[in-house]
Amino acid sequence: MATLVECVPNFSEGRDKSTVDAIVEAMKMDGVYLLDREMDSDHNRCVITLVGERQAIQEAAIRGVGKAAEILDLTKHSGAHPRLGAADVVPFIPIEGVTLEDCVEMARQAGAEIWKRYRVPVYLYEAAATSPERQNLEYIRRGQFEGIRAEIATVPARKPDFGEAQLHPTAGAVVVGARKALIAYNVFLNTADVEIAKKVAKAVRASSGGLRFVKGAGFFVRGMAQVSMNLTDFEQTPLHRVFELVKREAARYGVGPVSSEIVGLIPKKALELTAEWFLQVENFDSSMILENRLAAVMGGRMAVGGVRAGVEPFIEQLAAPTATPGGGSAAAASAAMAAGLASMVASISRSKKAYLQYEAALSEAITRLAVLREELKSAIDSDAESYNAVVRAYKRAKEIQDGDGIINAALKQATMVPLGVAEKAKEVAAIAEKLKQVTNRNMKSDLVTAIALARAATEGALANVEINLESLKDEVFVAETRTKALALKG
């Protein structure tokens, strides 16, 4: 697949298997694969995990919302988990060949279509949010179905992003968004006292002073107190750190974890980070894992036999007489290499006693650079795919009435990818510049190289932005994008 997106819709039904079967059946499409389905009778909620090509999975998610609106009645629903709609939340998550910005666009398109087809109002959240407050799902869902139903017509803050200021009478509303991979993680305590779980959750969650990127609440589930959590960025707040803090806080009340559970799926990298931490493996790298090395070598992303062997396939692809990969992919690769170099310098310096005083700053830089590096590596493929999408759009435009609309949509996407690369490359350069003051001076040349690569990536990516803008007919989009591009040139 050229693009791969994960979608994890949550529906307000966790007890009737036939009802969930009907919703899953409605989402079956070519190019969409069901990875997992979880039903929880206590929460009365199911979590469906799908993955597929971006257009197909977007349509599958829309159809799932429609089927839930048809067969679920929230006026008769009860369960431990807060909910706003029959289809409660529908997030799009970038996996391969797409960026978070791509998923934001998908969320907005899906939201508009859900209202148009099913008259179910839509709120946008996380990266797709239209206001800072709505980035937080809990803010949108406050008061749940019953509370919002009573306020939506009179409280401006309750107005949906798509649809009228009233809930669907039985399906409520749906919250659609774009986010990174989330881990739904629950820890069961050896007590039935749910108040202890609530106190532990309060200590752990970010909103009350706990760990960043952790949301948490306490519930009574299967006869035990449960600390129910969502980890919204496991790379910055890893799984093992969350578990250890839950265990430590629970011990204050004389209890401890009995077990923990993952709801849905978990990224392999999250388990790799946890294994590294608990096993204390020196010089651990994910490429040391047999299956990772096998996939990388067989997929052409890695070669064995020296440094040259690792980069030669990509260089030869650039040299081939084909339009992709081209300058946009090369810019993304340059910025990714810059992030890699800067991370290497920070990691080596952090391990030295002489730089112990800068540990917090170095750790923060390493964490952020890891995120940027992954996003930039993804953009190597995204740029090539966006170009190919433009070519397909021009061909398709000859066959349909609204040809200009198809072309403009593809050109906008082909513009946003390199714009995102330029933004990330500039951030990498800024981090590398700051690292000069807190890292080993003998590694200054590595940082100089990183900064040069990042600046070249910014310049190259912006050149790709401009060439796409020249073909666009949306004057407002062109003006806004040129303003953003100009700000990145400084």
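Here the residue index of a chain counts from 1 through its sequence in written order. Under the rules for a predicted model, residues below a pLDDT of 70 receive no local features and side-chain atom pairs below 80 are neither given nor counted, while totals for whole chains, interfaces and linings still include all residues. Where side-chain values are given, they derive from all heavy atoms of the structure, hydrogens and water being excluded.

Draft legend 1. Main features of the packing of helix α11 (residues 327–350) against helix α14 (residues 444–469). For helices, the fitted line uses only the C-alpha atoms of the stretch in contact; every axis is such a line through C-alpha atoms, and the angle between N-to-C directions lies from 0 to 180 degrees. Numbered from the N terminus, helices here are DSSP runs of H or I no shorter than four residues, and strands are runs of E no shorter than two. The contact between α11 and α14 brings their axes to 8 Å, and the two run at 155°. In terms of orientation, α11 lies roughly antiparallel with respect to α14. Crossing of α11 over α14 shows left-handed handedness. Seen from α11, the contacting residues are Gly327, Gly328, Ala331, Ser334, Ala335, Met337, Ala338, Leu341, Ala342, Met344 and Val345; seen from α14, they are Asp446, Leu447, Thr449, Ala450, Leu453, Ala454, Ala457, Gly460, Ala461 and Asn464. Of the residues assigned to the contact of α11 with α14, the class counts are 14 nonpolar, six polar and one charged. Oblique is the label for every angle not falling under 35 degrees (roughly parallel), over 145 degrees (roughly antiparallel), or within 65 to 115 degrees (roughly perpendicular). Should the near helix be turned anticlockwise from the far one by less than a right angle, the crossing is left-handed, and should it be turned clockwise, the crossing is right-handed. We call two residues in contact when some of their heavy atoms are within 4.5 Å. Residue type decides the class: Asp, Glu, Lys and Arg count as charged, Ala, Val, Leu, Ile, Met, Phe, Trp, Tyr, Cys and Pro as nonpolar, and the leftover types, Gly among them, as polar.

Draft legend 2. Up close: helix α1 (residues 17–26). Every buried residue of α1 is accounted for by Thr19, Val20, Ile23, Val24 and Ala26. An end-on view of α1 places all buried positions within 160° of arc, on one side of the element. Think of it in three bands: residues with accessible area under 20% of the maximum for their type are buried, residues over 50% are exposed, and the middle band is partly exposed, with areas taken using a 1.4 Å probe on protein chains only. Here the arc refers to the directions that run from the helix axis out to each C-beta atom.

Draft legend 3. Region of interest: helix α3 (residues 100–118). Here, expected helix span is obtained from the residue count minus one, scaled by 1.5 Å. In this model, α3 (19 residues) spans 26 Å end to end at C-alpha, consistent with the 27 Å of a helix rising 1.5 Å per residue. Within the span of α3, buried status applies to Asp102, Cys103, Val104, Met106, Ala107, Ala110, Gly111, Ile114 and Trp115. With its phi angle positive at about 55°, arginine 119 sits one or two positions after the end of α3.

Draft legend 4. Broad picture of the nonpolar core. Of all hydrophobic cores here, the largest spans 51 residues; its most connected members are Leu369, Val428 and Leu435. Residue assignment for this core shows that the elements contributing at least two residues are α11, α12 (359–397), α13 (403–435), α14 and α15 (475–488). Per-element tally for this core: the top contributor is α13, with 13 residues. Those residues within four positions of leucine 369 in sequence are excluded, and the remaining contacts are Ala339, Ala342, Ser343, Val428, Ile431 and Leu435. Each nonpolar core is a collection of buried residues, namely Ala, Val, Leu, Ile, Met, Phe, Trp, Tyr and Cys, held together in the definition by side-chain atoms within 4.5 Å. Residues Ile57, Ala60, Val122 and Ala128 belong to the second largest nonpolar core, which totals 39 residues.

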